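Here are the chains, one letter per residue:
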Amino acid sequence: MERILIIGCAGQIGSELTLELRKIYGNSNVIATDIKPASNEIMEGGPFEILDVLDSNRLFGTVSRNKVTQIYHLAAILSGNAEKKPIASWNINMSSLLNVLELARELELKKVFWPSSIAVFGPTTPMINTPQFTVMEPNTVYGISKLAGERWLEYYYRKFNIDCRSIRYPGLISYKTEAGGGTTDYAVEIFYDAIRKGSYNCFLEKNTFLPMMFMPDAIRGTINLMEADSSKLTARAGYNLSGISFSPNELYMEIKKHMPDFKINYNPDYRQAIADSWPTSIDDSVARKDWGFTAQYDLAKMTEIMLKEIKKKAVT
Ligand code: NAD
Ligand code: AKB
(Lines give C-alpha, C1' and ligand atoms only; values in the text may rest on other atoms or scores of the structure.)
(Ligands and ions follow the chains in the order given, each with its own letter.)
Protein backbone atom coordinates (compact mmCIF):
# COMPACT_ATOMS: atom_id res chain seq x y z
CA MET A 1 0.00 0.00 0.00
CA GLU A 2 1.32 3.46 -0.93
CA ARG A 3 1.52 6.20 1.72
CA ILE A 4 2.13 9.59 0.13
CA LEU A 5 3.53 12.77 1.67
CA ILE A 6 2.85 16.07 -0.09
CA ILE A 7 5.08 18.99 0.85
CA GLY A 8 3.60 22.35 -0.24
CA CYS A 9 -0.03 21.15 -0.45
CA ALA A 10 -1.45 24.68 -0.09
CA GLY A 11 0.13 26.02 -3.27
CA GLN A 12 -1.12 26.31 -6.83
CA ILE A 13 -0.23 22.71 -7.77
CA GLY A 14 -0.48 21.10 -4.32
CA SER A 15 -4.06 22.27 -3.76
CA GLU A 16 -5.19 20.24 -6.79
CA LEU A 17 -2.68 17.37 -6.83
CA THR A 18 -3.43 16.46 -3.19
CA LEU A 19 -7.13 15.99 -3.96
CA GLU A 20 -6.43 13.90 -7.07
CA LEU A 21 -3.98 11.66 -5.22
CA ARG A 22 -6.50 11.20 -2.40
CA LYS A 23 -9.07 10.03 -4.97
CA ILE A 24 -6.61 7.41 -6.25
CA TYR A 25 -4.89 6.23 -3.06
CA GLY A 26 -7.57 6.97 -0.42
CA ASN A 27 -7.88 10.06 1.78
CA SER A 28 -6.06 8.58 4.76
CA ASN A 29 -3.05 7.54 2.65
CA VAL A 30 -2.17 11.03 1.43
CA ILE A 31 -0.60 13.16 4.16
CA ALA A 32 -0.78 16.82 3.17
CA THR A 33 1.74 19.29 4.64
CA ASP A 34 2.65 22.93 4.20
CA ILE A 35 4.25 25.72 6.19
CA LYS A 36 0.82 27.45 6.19
CA PRO A 37 -2.81 26.26 6.41
CA ALA A 38 -4.34 24.78 3.25
CA SER A 39 -7.95 24.83 2.00
CA ASN A 40 -10.60 23.33 4.30
CA GLU A 41 -11.13 20.62 1.69
CA ILE A 42 -7.50 19.50 2.16
CA MET A 43 -7.23 20.05 5.92
CA GLU A 44 -10.52 18.32 6.71
CA GLY A 45 -10.54 15.67 3.96
CA GLY A 46 -7.52 13.70 5.20
CA PRO A 47 -4.35 13.97 7.29
CA PHE A 48 -2.85 17.48 7.32
CA GLU A 49 0.17 18.86 9.21
CA ILE A 50 1.93 22.19 9.37
CA LEU A 51 5.50 21.31 8.41
CA ASP A 52 8.54 23.36 7.41
CA VAL A 53 10.47 21.18 4.94
CA LEU A 54 13.70 22.87 6.09
CA ASP A 55 13.25 21.26 9.52
CA SER A 56 14.82 17.90 8.69
CA ASN A 57 14.13 16.38 12.13
CA ARG A 58 10.41 17.09 11.94
CA LEU A 59 10.33 15.94 8.34
CA PHE A 60 12.00 12.67 9.39
CA GLY A 61 9.43 12.27 12.21
CA THR A 62 6.45 12.89 9.92
CA VAL A 63 7.72 10.47 7.28
CA SER A 64 8.56 7.65 9.70
CA ARG A 65 5.45 8.06 11.88
CA ASN A 66 3.18 7.95 8.83
CA LYS A 67 5.12 5.09 7.15
CA VAL A 68 5.44 7.22 4.01
CA THR A 69 6.51 5.41 0.81
CA GLN A 70 6.48 8.31 -1.69
CA ILE A 71 7.12 12.07 -1.42
CA TYR A 72 5.84 14.83 -3.72
CA HIS A 73 7.99 17.81 -2.79
CA LEU A 74 6.34 20.96 -4.19
CA ALA A 75 7.63 23.70 -1.86
CA ALA A 76 9.78 26.33 -3.61
CA ILE A 77 10.27 30.04 -4.18
CA LEU A 78 9.26 30.78 -7.78
CA SER A 79 11.08 32.86 -10.39
CA GLY A 80 9.73 36.38 -9.72
CA ASN A 81 10.02 36.19 -5.93
CA ALA A 82 13.41 34.44 -6.08
CA GLU A 83 14.96 37.40 -7.93
CA LYS A 84 14.02 39.62 -4.95
CA LYS A 85 15.75 37.36 -2.38
CA PRO A 86 18.36 35.36 -4.28
CA ILE A 87 20.34 33.75 -1.46
CA ALA A 88 17.34 32.96 0.74
CA SER A 89 15.53 31.45 -2.28
CA TRP A 90 18.54 29.36 -3.26
CA ASN A 91 18.72 28.07 0.33
CA ILE A 92 15.04 27.16 0.45
CA ASN A 93 14.95 25.54 -2.99
CA MET A 94 18.16 23.56 -2.53
CA SER A 95 18.17 22.67 1.20
CA SER A 96 14.58 21.45 0.99
CA LEU A 97 15.38 19.14 -1.93
CA LEU A 98 18.51 17.77 -0.27
CA ASN A 99 16.53 17.15 2.96
CA VAL A 100 13.99 15.15 0.98
CA LEU A 101 16.55 13.19 -1.03
CA GLU A 102 18.63 12.32 2.04
CA LEU A 103 15.53 11.16 3.84
CA ALA A 104 14.51 9.05 0.84
CA ARG A 105 17.95 7.44 0.92
CA GLU A 106 18.00 6.82 4.69
CA LEU A 107 14.45 5.48 4.87
CA GLU A 108 14.60 3.72 1.47
CA LEU A 109 11.46 5.41 0.13
CA LYS A 110 10.03 4.06 -3.11
CA LYS A 111 9.64 7.26 -5.14
CA VAL A 112 10.26 11.00 -5.04
CA PHE A 113 8.54 13.58 -7.26
CA TRP A 114 10.08 17.04 -7.44
CA PRO A 115 9.03 19.55 -10.10
CA SER A 116 11.51 21.21 -12.36
CA SER A 117 10.57 24.05 -14.72
CA ILE A 118 11.12 25.56 -18.15
CA ALA A 119 13.29 27.97 -16.11
CA VAL A 120 16.17 25.46 -16.40
CA PHE A 121 16.67 26.86 -19.91
CA GLY A 122 18.41 30.16 -20.57
CA PRO A 123 19.19 32.66 -23.31
CA THR A 124 21.61 30.30 -25.11
CA THR A 125 19.01 27.49 -25.37
CA PRO A 126 17.19 27.06 -28.71
CA MET A 127 13.94 28.92 -27.97
CA ILE A 128 11.52 27.33 -30.40
CA ASN A 129 10.55 23.71 -29.74
CA THR A 130 13.26 23.46 -27.12
CA PRO A 131 14.55 19.86 -27.14
CA GLN A 132 14.70 17.58 -24.09
CA PHE A 133 18.50 17.47 -24.15
CA THR A 134 20.07 20.82 -25.07
CA VAL A 135 22.19 23.75 -23.87
CA MET A 136 21.09 24.84 -20.37
CA GLU A 137 22.56 28.08 -19.04
CA PRO A 138 19.80 29.66 -16.90
CA ASN A 139 20.47 33.21 -15.69
CA THR A 140 17.84 33.46 -12.92
CA VAL A 141 18.23 32.29 -9.31
CA TYR A 142 15.18 30.11 -9.69
CA GLY A 143 16.46 28.57 -12.96
CA ILE A 144 19.88 27.90 -11.47
CA SER A 145 18.25 26.17 -8.48
CA LYS A 146 16.02 24.07 -10.78
CA LEU A 147 18.97 23.01 -12.93
CA ALA A 148 21.04 22.11 -9.85
CA GLY A 149 17.99 20.24 -8.49
CA GLU A 150 17.72 18.23 -11.69
CA ARG A 151 21.38 17.23 -11.38
CA TRP A 152 20.80 16.14 -7.75
CA LEU A 153 17.80 14.02 -8.76
CA GLU A 154 19.84 12.25 -11.39
CA TYR A 155 22.71 11.82 -8.92
CA TYR A 156 20.50 10.19 -6.26
CA TYR A 157 18.94 7.96 -8.90
CA ARG A 158 22.27 6.74 -10.30
CA LYS A 159 24.20 6.60 -7.02
CA PHE A 160 21.56 5.45 -4.50
CA ASN A 161 18.88 3.98 -6.76
CA ILE A 162 16.19 6.38 -5.48
CA ASP A 163 13.35 6.38 -8.03
CA CYS A 164 13.31 10.16 -8.65
CA ARG A 165 10.90 11.58 -11.22
CA SER A 166 10.40 15.12 -12.45
CA ILE A 167 8.65 17.34 -14.99
CA ARG A 168 9.84 20.67 -16.36
CA TYR A 169 6.44 22.28 -15.97
CA PRO A 170 5.60 25.19 -18.24
CA GLY A 171 3.63 28.09 -16.72
CA LEU A 172 0.57 26.54 -15.11
CA ILE A 173 -2.87 28.09 -15.37
CA SER A 174 -5.56 27.25 -12.85
CA TYR A 175 -8.55 28.73 -11.02
CA LYS A 176 -8.56 26.91 -7.66
CA THR A 177 -5.55 28.61 -6.05
CA GLU A 178 -3.88 31.78 -7.28
CA ALA A 179 -0.32 31.51 -8.61
CA GLY A 180 2.64 32.00 -6.27
CA GLY A 181 5.23 34.56 -7.38
CA GLY A 182 6.22 33.37 -10.86
CA THR A 183 6.80 35.05 -14.22
CA THR A 184 3.99 33.17 -15.94
CA ASP A 185 1.50 34.35 -13.27
CA TYR A 186 0.18 37.05 -15.62
CA ALA A 187 -1.75 34.30 -17.42
CA VAL A 188 -3.67 33.55 -14.17
CA GLU A 189 -4.01 37.13 -12.89
CA ILE A 190 -5.46 38.31 -16.20
CA PHE A 191 -8.60 36.18 -15.68
CA TYR A 192 -9.21 37.50 -12.16
CA ASP A 193 -8.73 41.11 -13.24
CA ALA A 194 -10.90 40.61 -16.34
CA ILE A 195 -13.77 39.53 -14.09
CA ARG A 196 -13.15 41.81 -11.09
CA LYS A 197 -12.11 45.00 -12.90
CA GLY A 198 -12.73 44.56 -16.63
CA SER A 199 -9.09 45.49 -17.33
CA TYR A 200 -5.58 44.14 -16.77
CA ASN A 201 -2.20 45.81 -16.33
CA CYS A 202 0.21 43.24 -17.78
CA PHE A 203 3.78 43.00 -16.47
CA LEU A 204 5.03 41.37 -19.70
CA GLU A 205 5.13 42.79 -23.23
CA LYS A 206 2.26 41.94 -25.56
CA ASN A 207 4.24 39.61 -27.86
CA THR A 208 6.12 37.59 -25.25
CA PHE A 209 5.41 33.96 -26.11
CA LEU A 210 5.86 31.42 -23.30
CA PRO A 211 5.07 27.71 -22.88
CA MET A 212 1.97 27.26 -20.71
CA MET A 213 -0.34 24.44 -19.62
CA PHE A 214 -3.81 24.16 -18.10
CA MET A 215 -3.67 22.56 -14.63
CA PRO A 216 -5.73 19.42 -15.43
CA ASP A 217 -3.12 18.44 -18.06
CA ALA A 218 -0.30 19.03 -15.56
CA ILE A 219 -1.99 16.97 -12.83
CA ARG A 220 -2.74 14.10 -15.22
CA GLY A 221 0.82 14.27 -16.57
CA THR A 222 2.29 14.16 -13.06
CA ILE A 223 0.23 11.16 -12.00
CA ASN A 224 0.92 9.34 -15.29
CA LEU A 225 4.65 9.91 -14.89
CA MET A 226 4.60 8.64 -11.29
CA GLU A 227 2.70 5.53 -12.39
CA ALA A 228 4.89 4.85 -15.45
CA ASP A 229 7.11 1.78 -15.69
CA SER A 230 10.48 2.81 -14.23
CA SER A 231 12.46 0.88 -16.85
CA LYS A 232 10.92 3.04 -19.64
CA LEU A 233 12.06 6.39 -18.17
CA THR A 234 15.07 7.82 -20.00
CA ALA A 235 15.02 11.38 -18.59
CA ARG A 236 15.54 11.11 -14.84
CA ALA A 237 16.34 14.77 -14.27
CA GLY A 238 13.08 16.22 -15.65
CA TYR A 239 10.79 15.70 -18.64
CA ASN A 240 9.89 18.49 -21.06
CA LEU A 241 6.07 18.78 -21.29
CA SER A 242 4.31 20.88 -23.87
CA GLY A 243 0.84 22.35 -23.52
CA ILE A 244 -0.11 25.66 -25.15
CA SER A 245 2.26 28.39 -26.29
CA PHE A 246 0.79 31.91 -26.41
CA SER A 247 1.54 35.60 -25.80
CA PRO A 248 -0.31 38.10 -23.55
CA ASN A 249 -1.88 39.60 -26.69
CA GLU A 250 -3.20 36.21 -27.86
CA LEU A 251 -4.65 35.49 -24.42
CA TYR A 252 -6.19 38.97 -24.31
CA MET A 253 -7.83 38.45 -27.72
CA GLU A 254 -9.20 35.08 -26.58
CA ILE A 255 -10.71 36.59 -23.40
CA LYS A 256 -12.17 39.44 -25.48
CA LYS A 257 -14.22 36.89 -27.45
CA HIS A 258 -16.15 36.32 -24.18
CA MET A 259 -15.84 39.87 -22.77
CA PRO A 260 -15.76 42.35 -25.67
CA ASP A 261 -15.19 45.37 -23.35
CA PHE A 262 -12.12 43.87 -21.67
CA LYS A 263 -9.08 46.21 -21.78
CA ILE A 264 -5.38 45.57 -21.33
CA ASN A 265 -2.29 47.75 -21.00
CA TYR A 266 1.34 46.73 -20.90
CA ASN A 267 3.83 47.84 -18.25
CA PRO A 268 6.70 45.34 -18.40
CA ASP A 269 8.72 45.06 -15.16
CA TYR A 270 11.76 43.02 -14.04
CA ARG A 271 9.95 39.80 -14.99
CA GLN A 272 10.23 40.70 -18.69
CA ALA A 273 13.96 39.84 -18.62
CA ILE A 274 13.15 36.46 -17.02
CA ALA A 275 10.51 35.71 -19.67
CA ASP A 276 12.91 36.76 -22.45
CA SER A 277 15.44 34.17 -21.25
CA TRP A 278 12.94 31.28 -21.45
CA PRO A 279 11.79 29.19 -24.44
CA THR A 280 8.71 30.12 -26.44
CA SER A 281 7.67 26.51 -27.07
CA ILE A 282 8.75 23.05 -25.92
CA ASP A 283 9.39 19.73 -27.65
CA ASP A 284 8.02 16.96 -25.44
CA SER A 285 8.58 14.03 -27.81
CA VAL A 286 10.63 12.16 -25.18
CA ALA A 287 7.76 12.29 -22.63
CA ARG A 288 5.36 11.15 -25.35
CA LYS A 289 7.60 8.23 -26.25
CA ASP A 290 8.55 7.15 -22.70
CA TRP A 291 5.19 7.41 -20.95
CA GLY A 292 2.66 8.56 -23.50
CA PHE A 293 1.87 12.13 -22.45
CA THR A 294 -0.42 14.32 -24.58
CA ALA A 295 -1.94 17.63 -23.48
CA GLN A 296 -5.70 17.90 -24.02
CA TYR A 297 -6.47 21.59 -23.55
CA ASP A 298 -5.95 24.36 -26.09
CA LEU A 299 -6.19 28.14 -25.54
CA ALA A 300 -9.89 28.39 -26.41
CA LYS A 301 -11.01 25.53 -24.15
CA MET A 302 -8.85 26.69 -21.25
CA THR A 303 -10.07 30.30 -21.50
CA GLU A 304 -13.70 29.24 -21.52
CA ILE A 305 -13.27 27.12 -18.37
CA MET A 306 -11.14 29.72 -16.54
CA LEU A 307 -13.72 32.47 -17.11
CA LYS A 308 -16.63 30.25 -16.11
CA GLU A 309 -14.97 29.02 -12.89
CA ILE A 310 -13.57 32.39 -11.77
CA LYS A 311 -16.95 34.04 -12.37
CA LYS A 312 -18.46 31.43 -10.01
CA LYS A 313 -15.82 32.26 -7.36
CA ALA A 314 -16.32 35.99 -7.78
CA VAL A 315 -20.02 35.74 -7.01
CA THR A 316 -19.68 33.37 -4.04
P1 NAD B 1 3.27 27.82 -4.84
O2 NAD B 1 4.17 28.93 -4.46
O3 NAD B 1 1.88 28.11 -5.24
O4 NAD B 1 3.22 26.74 -3.67
C5 NAD B 1 4.34 26.37 -2.93
C6 NAD B 1 3.87 25.94 -1.56
O7 NAD B 1 5.04 25.60 -0.81
C8 NAD B 1 3.14 27.07 -0.82
O9 NAD B 1 1.89 26.63 -0.34
C10 NAD B 1 4.09 27.40 0.33
O11 NAD B 1 3.41 27.78 1.54
C12 NAD B 1 4.84 26.09 0.49
N13 NAD B 1 6.14 26.29 1.15
C14 NAD B 1 7.03 27.29 0.95
N15 NAD B 1 8.07 27.15 1.78
C16 NAD B 1 7.84 26.04 2.50
C17 NAD B 1 8.56 25.37 3.52
N18 NAD B 1 9.72 25.85 3.96
N19 NAD B 1 8.04 24.24 4.03
C20 NAD B 1 6.87 23.75 3.58
N21 NAD B 1 6.12 24.35 2.64
C22 NAD B 1 6.61 25.48 2.11
O23 NAD B 1 4.04 26.99 -5.97
P24 NAD B 1 3.39 26.05 -7.10
O25 NAD B 1 3.08 26.91 -8.25
O26 NAD B 1 2.37 25.17 -6.51
O27 NAD B 1 4.70 25.22 -7.49
C28 NAD B 1 5.00 23.98 -6.88
C29 NAD B 1 6.30 23.47 -7.50
O30 NAD B 1 6.16 23.38 -8.92
C31 NAD B 1 7.51 24.37 -7.26
O32 NAD B 1 8.66 23.57 -7.13
C33 NAD B 1 7.60 25.16 -8.53
O34 NAD B 1 8.91 25.60 -8.76
C35 NAD B 1 7.18 24.14 -9.55
N36 NAD B 1 6.68 24.75 -10.77
C37 NAD B 1 5.51 25.46 -10.77
C38 NAD B 1 5.06 26.04 -11.95
C39 NAD B 1 3.80 26.84 -11.99
O40 NAD B 1 3.51 27.46 -13.03
N41 NAD B 1 2.98 26.83 -10.94
C42 NAD B 1 5.80 25.88 -13.14
C43 NAD B 1 7.01 25.18 -13.08
C44 NAD B 1 7.42 24.59 -11.90
C1 AKB C 1 7.40 30.74 -12.78
O2 AKB C 1 6.97 31.56 -13.60
O3 AKB C 1 8.30 30.96 -11.96
C4 AKB C 1 6.82 29.35 -12.82
C5 AKB C 1 7.64 28.46 -13.68
C6 AKB C 1 7.41 28.46 -15.14
O7 AKB C 1 8.48 27.75 -13.20
N8 AKB C 1 5.46 29.43 -13.24
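Above this note sits the structure.
With that settled, the discussion passes to the pattern of salt bridges. The final tally for this structure, using the stated rule, is 19 salt bridges. Close ionic contact of Arg-58 with Glu-49 constitutes a salt bridge, the shortest N to O distance being 3.4 Å. Across the pair Glu-150 and Arg-168 runs a salt bridge, and its minimum N-O distance is 2.8 Å. Residue Glu-150 is found in helix α6 (residues 141–160), and its partner Arg-168 is found in strand β8 (residues 167–169); the two are separated by 18 residues along the sequence. A single salt-bridge network, built from bridges that share partners, covers Glu-49, Arg-58 and Arg-65.

Bringing a nonpolar patch on the surface into the picture now. Taken together, Trp-152, Tyr-155 and Phe-160 make up a surface patch of nonpolar side chains, about 270 Å² in accessible area. Inspection of the secondary structure puts Phe-160 in helix α6. The partly exposed category is assigned to Phe-160, whose relative accessible area is 31%.

As a structural note, the neighbourhood of ligand 1 is formed by 25 residues, with Gln-12, Ile-13, Asp-34, Tyr-142 and Leu-172 the closest of them. Ile-35 places a main-chain nitrogen or oxygen 3.4 Å from a nitrogen atom of ligand 1. At 2.9 Å from an oxygen atom of ligand 1 is found a main-chain nitrogen or oxygen belonging to Leu-172. Here ligand 1 loses 92% of its free accessible area of 830 Å² to cover by the protein chains. Using a 2 Å cut-off from the grid points, one finds that ligand 1 occupies the largest pocket. Taken together, the elements giving at least two residues each to the shell around ligand 1 come down to β6 (116–117), α6 and β9 (171–173).

Moving on to the sheet that holds β9. Spatial ordering of the open sheet is given by β9-β11-β13, a layout of three strands whose pairing is mixed. What marks the edges here is a single partner per strand, and that holds for β9 and β13 (244–246). In this sheet, adjacent strand axes meet at a mean angle of 40° when their direction is disregarded. Sheet analysis places strand β11 (residues 210–214) next to β13, joined by three bridges and oriented antiparallel.

Applying the stated criterion across every chain, the model contains 12 aromatic pairs. Centre to centre, the rings of Tyr-239 and Trp-291 are 5.6 Å apart; their planes meet at 80°, and the pair counts as edge-to-face. Of this pair, Tyr-239 sits in strand β12 (residues 239–240) while Trp-291 sits in helix α11 (residues 285–291), and the two are 52 residues apart along the sequence. Assigned by exposure class, Tyr-239 and Trp-291 land together as buried. Feature note: the residues Trp-152, Tyr-155, Tyr-156 and Phe-160 constitute an aromatic cluster, connected by ring pairs. The ring of Tyr-157 carries the charged tip of Arg-236 above its face, separated from the ring centre by 4.0 Å. Above the ring of Phe-203, the side-chain terminus of Arg-271 is found at 3.5 Å from the ring centroid.

All right, on to the site of ligand 2 then. The environment of ligand 2 is made up of Leu-78, Ser-79, Ser-117, Ile-118, Tyr-142, Gly-182, Thr-183, Thr-184 and Trp-278. Between ligand 2 and Tyr-142 there is a distance of 2.7 Å, counted from an oxygen atom to a side-chain nitrogen or oxygen. Relative to its unbound accessible surface of 250 Å², ligand 2 loses 94% to contact with the protein. More than half of the atoms belonging to ligand 2 lie within 2 Å of the grid points that define the largest pocket. Among the residues making up the shell around ligand 2, the classes are represented as four nonpolar, five polar and no charged. Built from parts of two domains, the shell around ligand 2 gets at least three residues from each of domain 1 (4–169 + 215–240) and domain 2 (172–212 + 243–281 + 297–315).

Right, let's get into the sheet that holds strand β5 (residues 111–113). With parallel pairing, the six strands of this open sheet are ordered in space as β3-β2-β1-β4-β5-β7. Edge positions in the open sheet fall to β3 (48–50) and β7 (163–165), since each of these has one partner strand only. The mean angle between the axes of side-by-side strands here comes to 15°, regardless of whether they run parallel or antiparallel. As defined by bridge partners, strand β1 (residues 4–7) adjoins strand β4 (residues 70–73) across four bridges and the pair is classed as parallel. Each bridged residue has a counterpart across the sheet, and for Ile-7 the counterpart in β4 is His-73.

Reading guide: rules and limits
- Residues numbered from 1 in each chain as written.
- Chains lettered and ligands numbered in written order.
- Predicted model: local features only at pLDDT ≥ 70, side-chain atom pairs only at ≥ 80, totals over all residues.
- Heavy atoms only, no water.
- Salt bridge = Lys/Arg side-chain N within 4 Å of Asp/Glu carboxyl O.
- Helix = DSSP H or I, 4+ residues; strand = E, 2+ residues; numbered from the N terminus.
- Patch = residues over 30% accessible without salt bridge, like charges linked within 9 Å, V, L, I, M, F, W, Y side chains within 5 Å.
- Areas by Shrake-Rupley, 256 points an atom, 1.4 Å probe, with all protein chains shown as cover.
- Buried < 20%, exposed > 50% of the residue type's maximum accessible area, 1.4 Å probe, protein only.
- Near = heavy atom within 4 Å.
- Polar contact = N/O pair within 3.5 Å; in protein donor to acceptor, adjacent residues only side chain to side chain.
- 1 Å grid on protein atoms, 1.4 Å probe; cavity = no way out; pocket = protein on both sides within 12 Å on 5 of 7 lines; lining within 4 Å.
- Sits in = over half its atoms within 2 Å of the grid points.
- Pairing = 2+ DSSP bridges.
- Axes fitted to C-alpha atoms, helices over the stretch in contact; angles between N-to-C directions.
- Phe/Tyr/Trp six-rings, centres within 6.5 Å; stacked < 30°, edge-to-face > 60°.
- Lys NZ or Arg CZ within 6 Å of the ring centre and 35° of its normal.
- Nonpolar A, V, L, I, M, F, W, Y, C, P; charged D, E, K, R; others polar.
- Domains from an automatic or database assignment.

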